[in-house]
Amino acid sequence: MAWILLVVAGLLEVAWSVGLKYTDGFTRPWPSLFTGTSIVASMLLLSYAAKSLPIGTAYGVWVGIGAAGAAVLGMAVLGEPATAARIFFVALLLVAVVGLKMTSGH
């Protein structure tokens, strides 16, 4: 169950990090509410997952999902450059997330 919570927390991190783009410095109410709610929910789920997972693993996976997801959405939706190098390094992030999961002992 902790891994499911952690993956959802990571996906919410993607949501809030991309949501920041739409808040205009938290001056737009609905995007700001969405982003703030996603931040709180992501942190809560991370804290629940960290009750039974090692914090280094939980935090690393959470950050990896968030960073990779934000980079992919940036390229796919926000028009950021999708160069071979960027795609390669996003893939490395995903390899690291899977590696942390496989070596966590849980």
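Keep in mind that this is a model prediction, so the values were computed, not measured.

A. Geometry of the overall build of the protein chain. Secondary structure assignment for the protein chain yields four helices and zero strands. Each helix and strand of the protein chain, placed in order from N terminus to C terminus, yields the pattern α-α-α-α. Considered along the principal axes of its C-alpha atoms, the protein chain spans approximately 45 × 35 × 15 Å. Counting across all 106 residues of the protein chain, residues that qualify as buried make up 33%.

B. Structural detail: the pattern of salt bridges. The full count for this structure, using the stated rule, is one salt bridge. Note that Arg86 and Glu80 form a salt bridge whose closest N and O atoms lie 3.6 Å from each other. Given the relative accessible area of 30%, Arg86 is considered partly exposed.

C. Expanded view of the packing of aromatic side chains. Going through the model one piece at a time under the given rule, you end up with two aromatic pairs. Each ring, one from Tyr59 and one from Trp62, has its centre 5.6 Å from the other, and the planes form 40°; the classification is tilted. In this pair, Tyr59 and Trp62 both sit in helix H3 (residues 55-76), three residues apart, roughly one turn of the helix. Centroid distance Phe88 to Phe89: 5.1 Å. Interplanar angle 70°. Geometry classified as edge-to-face.

D. Spotlight on the packing of helix H2 (residues 29-49) against H3. Remark: H2 packs on H3, axes separated minimally by 10 Å, with the N-to-C direction vectors making an angle of 150°. By the angle between their directions, the pair H2 and H3 is classed as roughly antiparallel. Two packed elements cross with a definite hand, and for H2 against H3 that hand is right-handed. On H3, the residues that touch Ser42, Met43 and Leu46 of H2 are Ala58, Tyr59 and Trp62. When grouped by side-chain class, the residues that make up the contact of H2 with H3 number five nonpolar, one polar and no charged.

E. H3, seen in detail. The end-to-end C-alpha distance of H3, which contains 22 residues, comes to 31 Å, matching closely the 32 Å that a straight helix rising 1.5 Å per residue would cover. All of the buried residues along H3 are Thr57, Ala58, Val61, Trp62, Gly64, Ile65, Gly66, Ala68, Gly69, Ala71, Gly74 and Met75. Taken together, the buried residues of H3 touch helix H1 (2-23), H2 and helix H4 (84-102).

Scoring rules and cut-offs
- Residues numbered from 1 in each chain as written.
- Predicted model: local features only at pLDDT ≥ 70, side-chain atom pairs only at ≥ 80, totals over all residues.
- Heavy atoms only, no water.
- Helix = DSSP H or I, 4+ residues; strand = E, 2+ residues; numbered from the N terminus.
- Buried < 20%, exposed > 50% of the residue type's maximum accessible area, 1.4 Å probe, protein only.
- Salt bridge = Lys/Arg side-chain N within 4 Å of Asp/Glu carboxyl O.
- Phe/Tyr/Trp six-rings, centres within 6.5 Å; stacked < 30°, edge-to-face > 60°.
- Axes fitted to C-alpha atoms, helices over the stretch in contact; angles between N-to-C directions.
- Parallel < 35°, antiparallel > 145°, perpendicular 65-115°, else oblique.
- Left-handed = near helix turned anticlockwise from the far one by under 90°.
- Contact = heavy atoms within 4.5 Å.
- Nonpolar A, V, L, I, M, F, W, Y, C, P; charged D, E, K, R; others polar.
- Expected span 1.5 Å × (residues − 1).

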